[in-house]
Amino acid sequence: MGLDPSDGSIEELFAQADKDGNGELGFKEFAQYANQMISDHMKKDLEVETIKAVISSYTGAKGYFTTSEFEEGLVELGVDPRTARGIFRVADKDSNGQVDVEEFMGMITNGTR
């Protein structure tokens, strides 16, 4: 799978999955842990897709925020205009004066999307 986890991270995952603490990982424990991990991942994906849908509906067919739209939205949330402009500059990765949905999602998910 291309992963090379450290021994510590494997032990940590094992400890999380070993619910009865007997040092053995039974099938039921493994299945429950795997199901929870998949469920958590799907929940995050659903949240991200919901955010994308809201952003898309706000930005319309153009699919991006202008500087003024971005600033206006943040000011409505209580962010001062100067800070809002700074956040816009950080989010505008390609420096084209627009923050598209992908740039915005990258900003709020810390680049993990």
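See the structure printed just above.
Quick summary incoming for the structure in this document. (Residues numbered from 1 in each chain as written. Predicted model: local features only at pLDDT ≥ 70, side-chain atom pairs only at ≥ 80, totals over all residues. Heavy atoms only, no water.)

Counting its regular elements, the chain contains 5 helices and 2 strands. The helix and strand sequence of the chain, counted from the amino end, reads α-α-β-α-α-β-α. Every one of the 113 residues in the chain was classed for burial, and the buried ones make up 20%. Considering only residue pairs separated by 6 or more positions, the chain has 38% of its internal contacts joining residues 24 or more positions apart. For the chain, the accessible area works out to roughly 8,300 Å², and carbon and sulfur atoms hold 57% of it. (Helix = DSSP H or I, 4+ residues; strand = E, 2+ residues; numbered from the N terminus. Buried < 20%, exposed > 50% of the residue type's maximum accessible area, 1.4 Å probe, protein only. Contact = heavy atoms within 4.5 Å. Areas by Shrake-Rupley, 256 points an atom, 1.4 Å probe, with all protein chains shown as cover.)

Applying the stated criterion across every chain, the model contains 4 aromatic pairs. Here the aromatic rings of Phe65 and Phe70 are separated by 5.8 Å at their centres, their planes lie at 75°, and the arrangement is edge-to-face. On the numbers, 5.3 Å between centres and 70° between planes, the contact of Phe70 with Phe88 is edge-to-face. Pair noted here: Phe70 is in helix α3 (residues 67-76) and Phe88 is in helix α4 (residues 81-91), with a separation of 18 residues, a long-range link. (Phe/Tyr/Trp six-rings, centres within 6.5 Å; stacked < 30°, edge-to-face > 60°.)

On to α3, then. Among the residues of α3, Phe70, Glu71 and Leu74 are the ones counted as buried. The buried residues of α3 all sit within an arc of 95° when viewed along its axis, so they share a single face. Opposite the packed face of α3, turned more than 90 degrees from it, sit the exposed residues Ser68 and Glu76. Phi turns positive one or two residues past the end of α3, at Gly78, with a value near 100°. (Arc of directions from axis to C-beta.)

All of the buried residues in α4 are Ala84, Phe88 and Ala91. Buried residues along α4 cover an arc of 65° about the axis, so they all sit on one side. Turned more than 90 degrees off the buried face of α4, the exposed positions are Arg82, Arg89 and Val90. Residues of α4 that are buried sit in contact with β1 (64-66), α3, β2 (98-100) and α5 (101-108). Where α4 starts, the residue carrying a side-chain oxygen 3.2 Å from the main-chain nitrogen of Arg82 turns out to be Asp80. (Polar contact = N/O pair within 3.5 Å; in protein donor to acceptor, adjacent residues only side chain to side chain.)

Nothing here speaks to function; it is geometry throughout.
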